[in-house]
Amino acid sequence: MEDLGVTPAGLDPAFWGGRRVLVTGHTGFKGAWLSLWLERLGARVSGFALPPHTEPSLWQLTSGSDPRRGSVHSTIGDINDGAALARVLAGQRPEIVFHLAAQSLVRRSYVAPEETFATNVVGIATLLKRVAEAASVEVVIIATSDKCYEVTGLDRGFCEDDRLGGRDPYSASKGCAEIVAASMRQSFFAPYAPGGHRARVGTVRAGNVIGGGDWSADRLIPDIVRGCLGANGSGDGRVVIRSPRAIRPWQHVLEPLRGYMLLAQRLWEGEAALAARLDTGLNFGPHPDDERPVIEVAQALREALGTGTIDIQEDPAAPYETGVLRLDTSAAQARLGWTPLLGFGQAIDLTARWYGGWSRGTDVRELTRQQIDAYSAMMKEPA
């Protein structure tokens, strides 16, 4: 990996070793990466989520239900099943909760808006109400999205104080998620609510994440992999690109996950974290130079995979999606010491290496662990 000339704040293995952590959405793409990383740090990880929604899935390949493949205590359930959540919180007694359970696809939100709002908005209220009744929890990190902002044609990256909103149901649900999280924080948690629960609640807004193990429908990287490598990882094929000029803040999945864990470490500090405004939303995205159009991402990944063809088929009747989305991450850098570590080329290379290994039958649990270890080696030790 090339040296970008930065030494961003590192994670503290001593903090995470033996720490009880609950990951909601652990069977999803980001949740599976986070769970494996937390295991690697020595945390005692439990998970609460629906079954994986893709076949294959990163969770099943790296952990699944086989205890020989991982130590995550997995519970399958719906985020709006308050009774089930309460049982998990009582049984596992997590000290830190990462909330990643979500309906995460823009196009699906047009097909299933009720599901999208129920999961992404009501689910947060359900979770935080149960957390407010759980004695063990000290920190909650809620992942929303860079699409939580109202698109107003600004010629700059969105910053945390910009207006929340969203035209499509997915984006609107993420704007609502931030509002609900803030309301629950002020209504049920100290020091905002007299006598409230002591847990610190922060929200995190990541850009478009890429990396090995994502097979979601209607998402760029999985579509490219399916086109280039074929459904079963063999043969080449055609990649259809519908919005070649759309610009997004692409980043490898490990980048925001490091930010989430750093934020949890800092929120543990209590009053000091509040004074630094760390219990409000924080953006995590790439360097501005690494915000790229879809066609450039597709061409770079196709070249790295070494097979497949790109076919542009724009559809003027397609559901609305934001054309340009940029993030200002200066607050995370100033308040948290977080800064992007991987360049665009490195993120593409790691992603291609992962899928290439998977297509050749490599043990992807070990491959995923190796990529986590290589990334971790690039961080400085915590202060």
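## Focus on the overall build of the protein chain
- Check the secondary structure of the protein chain and you find 14 helices and 13 strands.
- For 383 residues, the compact-globule formula gives about 21 Å, and the C-alpha radius of gyration of the protein chain, at 20 Å, lands near that figure.
- C-alpha extents for the protein chain along the principal axes are approximately 60 × 50 × 45 Å.
- Burial statistics for the protein chain: of 383 residues in total, 57% are counted as buried.
- Residue pairs in contact within the protein chain that sit at least 24 positions apart in sequence constitute 81% of those at least 6 positions apart.
- Of the accessible surface of the protein chain, which amounts to about 15,300 Å², a share of 49% is contributed by carbon and sulfur atoms.
- Each charge class in the protein chain was averaged separately, 40 positive and 44 negative side chains, and the resulting centres sit 4 Å apart.

## Brief notes about the pattern of salt bridges
- Scanning the entire structure with this criterion turns up 24 salt bridges.
- With its nearest N and O atoms 3.8 Å apart, the salt bridge here joins Arg 163 to Glu 150. In this pair, Arg 163 sits in the loop between β5 (139-143) and α7 (169-188) while Glu 150 sits in the loop between β5 and α7, placing the two residues 13 residues apart along the sequence.
- A residue is classified by how much of its surface remains accessible, and Arg 163, at 60% relative accessible area, is exposed.
- The exposure class of Glu 150 is partly exposed, given its relative accessible area of 27%.
- Salt-bridge contacts for Arg 369 lead to Glu 366; the nearest nitrogen and oxygen are separated by 3.8 Å. Taken together, the positions of Arg 369 and Glu 366, both in helix α14 (residues 364-376) and 3 residues apart, correspond to about one turn of that helix.
- Under the relative-accessibility criterion, Glu 366 is labelled partly exposed at 35%.

## A word on unusual backbone geometry
- With an omega dihedral of 5°, the bond running from Glu 55 to Pro 56 counts as a cis peptide bond.
- By the element assignment, Pro 56 lies in the loop between β2 (44-49) and α3 (58-62).
- Residue Pro 191 is bonded to the preceding Ala 190 through a cis peptide linkage, with omega at 5°.
- Tracing the backbone through its elements, the reader meets Pro 191 in the loop between α7 and β6 (200-206).

## Structural notes on the nonpolar core
- If you look at the biggest cluster of nonpolar residues, it comprises 76 residues, and the most contacted ones within it are Trp 16, Trp 37, Leu 38 and Phe 98.
- In contact with Phe 98, other than residues within four places in its own chain, are Trp 16, Val 21, Leu 22, Val 23, Thr 24, Leu 34, Leu 38, Ile 141, Tyr 260, Met 261 and Ala 264.

## Brief notes about the packing of helix α2 (residues 29-40) against α14
- Where α2 contacts α14, the axes come no closer than 10 Å and their chain directions differ by 70°. The angle between the axes of α2 and α14 places the two elements in the roughly perpendicular class. With respect to the hand of their crossing, α2 and α14 are arranged in right-handed fashion. Contacts from Trp 33, Leu 36, Trp 37, Glu 39 and Arg 40 of α2 reach α14 at Arg 365, Thr 368, Arg 369, Gln 371, Ile 372, Asp 373, Tyr 375 and Ser 376.
- Residue composition of the contact of α2 with α14, by class: 5 nonpolar, 3 polar and 5 charged.

## Looking at the sheet that holds strand β1 (residues 20-24)
- As summarised here, the arrangement of the 7 strands in space is β3-β2-β1-β4-β5-β6-β11, forming an open sheet in which the pairing is parallel. The two strands at the open ends of the sheet, each matched to only one other strand, are β3 (73-76) and β11 (282-284). Strand-to-strand twist across the sheet, computed as the mean angle between neighbouring axes with direction ignored, equals 20°.
- Strand direction decides the pairing type here: β5 and β6, joined by 5 bridges, are parallel. Among the inter-strand pairings, Ile 141 is bridged to a residue of β6, identified as Gly 202.

## A short note on helix α9 (residues 254-267)
- In a regular helix each residue adds 1.5 Å, so 14 residues correspond to 20 Å; α9 covers 20 Å between its end C-alpha atoms and thus fits that length.
- The element α9 is extensively covered by neighbouring structure, given that 13 of its 14 residues are classed as buried.

## Some points on the pairing of β5
- Most of β5 sits inside the fold, with 5 of its 5 residues counted as buried.
- With burial as the criterion, each face of β5 is covered, one bearing Val 139, Ile 141 and Ala 143 and the other bearing Val 140 and Ile 142.
- Sheet topology note: the strand β4 (residues 96-99)/β5 ladder contains 4 bridges and is parallel. Considered in β5, the bridge of Val 97 is made with Val 140.
- A crossover connection joins β5 to the parallel β6 through α7; in handedness this β-α-β unit is right-handed.

About the thresholds
Residues numbered from 1 in each chain as written. Predicted model: local features only at pLDDT ≥ 70, side-chain atom pairs only at ≥ 80, totals over all residues. Heavy atoms only, no water. Helix = DSSP H or I, 4+ residues; strand = E, 2+ residues; numbered from the N terminus. Rg over C-alpha atoms; globule rule 2.2 N^0.38 Å. Buried < 20%, exposed > 50% of the residue type's maximum accessible area, 1.4 Å probe, protein only. Contact = heavy atoms within 4.5 Å. Areas by Shrake-Rupley, 256 points an atom, 1.4 Å probe, with all protein chains shown as cover. Lys, Arg positive; Asp, Glu negative; His and termini not counted. Charge placed at Lys NZ, Arg CZ, Asp CG, Glu CD. Salt bridge = Lys/Arg side-chain N within 4 Å of Asp/Glu carboxyl O. Core = buried A, V, L, I, M, F, W, Y, C linked by side-chain atoms within 4.5 Å. Axes fitted to C-alpha atoms, helices over the stretch in contact; angles between N-to-C directions. Parallel < 35°, antiparallel > 145°, perpendicular 65-115°, else oblique. Left-handed = near helix turned anticlockwise from the far one by under 90°. Nonpolar A, V, L, I, M, F, W, Y, C, P; charged D, E, K, R; others polar. Pairing = 2+ DSSP bridges. Expected span 1.5 Å × (residues − 1). Right-handed = clockwise from strand over helix to strand, strands pointing away.

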